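Structural characterization, general
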Amino acid sequence: MFGSRTDRETVTCIACGDQVPRSDAREYDKHGDRWDRRDKEFEYLCKDCFSELSRQPRGDLESTLSAAGAGETDRESFLRAYRELAEEGE
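Cut-offs used in this document
- Residues numbered from 1 in each chain as written.
- Predicted model: local features only at pLDDT ≥ 70, side-chain atom pairs only at ≥ 80, totals over all residues.
- Heavy atoms only, no water.
- Helix = DSSP H or I, 4+ residues; strand = E, 2+ residues; numbered from the N terminus.
- Buried < 20%, exposed > 50% of the residue type's maximum accessible area, 1.4 Å probe, protein only.
- Phe/Tyr/Trp six-rings, centres within 6.5 Å; stacked < 30°, edge-to-face > 60°.
- Salt bridge = Lys/Arg side-chain N within 4 Å of Asp/Glu carboxyl O.

Moving on to the environment of Ser23. With respect to the element layout, Ser23 can be found in the loop between strand S2 (19-21) and strand S3 (25-28). Owing to a relative accessible area of 40%, Ser23 belongs among the partly exposed residues under this scheme.

Here the focus is the packing of aromatic side chains. Under the counting rule described, the total for this entry stands at 1 aromatic pair. Geometrically, the ring pair formed by Phe78 and Tyr82 is tilted, given 6.0 Å between the ring centres and 35° between the ring planes. Here Phe78 and its partner Tyr82 are both found in helix H4 (residues 75-88), 4 residues apart, which amounts to about one turn of the helix. You can call Tyr82 partly exposed: its relative accessible area is 28%.

Bringing the pattern of salt bridges into the picture now. What the rule picks out here adds up to 4 salt bridges. Arg22 is the salt-bridge partner of Glu27, the closest N and O atoms lying 3.1 Å from each other. A salt bridge links Glu76 to Arg80; its shortest N-O distance comes to 3.2 Å. Within this pair, Glu76 and its partner Arg80 are both found in helix H4, separated by 4 residues, close to a single helical turn. Note on Arg80: relative accessible area 44%, which makes it partly exposed.

In short, geometric facts, not functional conclusions.
Below, the structure is given as structure tokens:
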């Protein structure tokens, strides 16, 4: 009858920055557990960027990015923290 709220919502692709209708986007969960939806806010990828994703295992990449402050700190601090964490893991 009526379209869902998500049909009218637009989201931003985290890869390219394009604004796309939610219905044309794919959910991305940086914690790797997209099935558990409780208290979670998803990020989104447009269909083109989603199709370019590598499906290879990434080990602890996401947890390392989070621990280094990705998206929460300035670039220099993030890169310094990421490098230290990456060197610890070698």
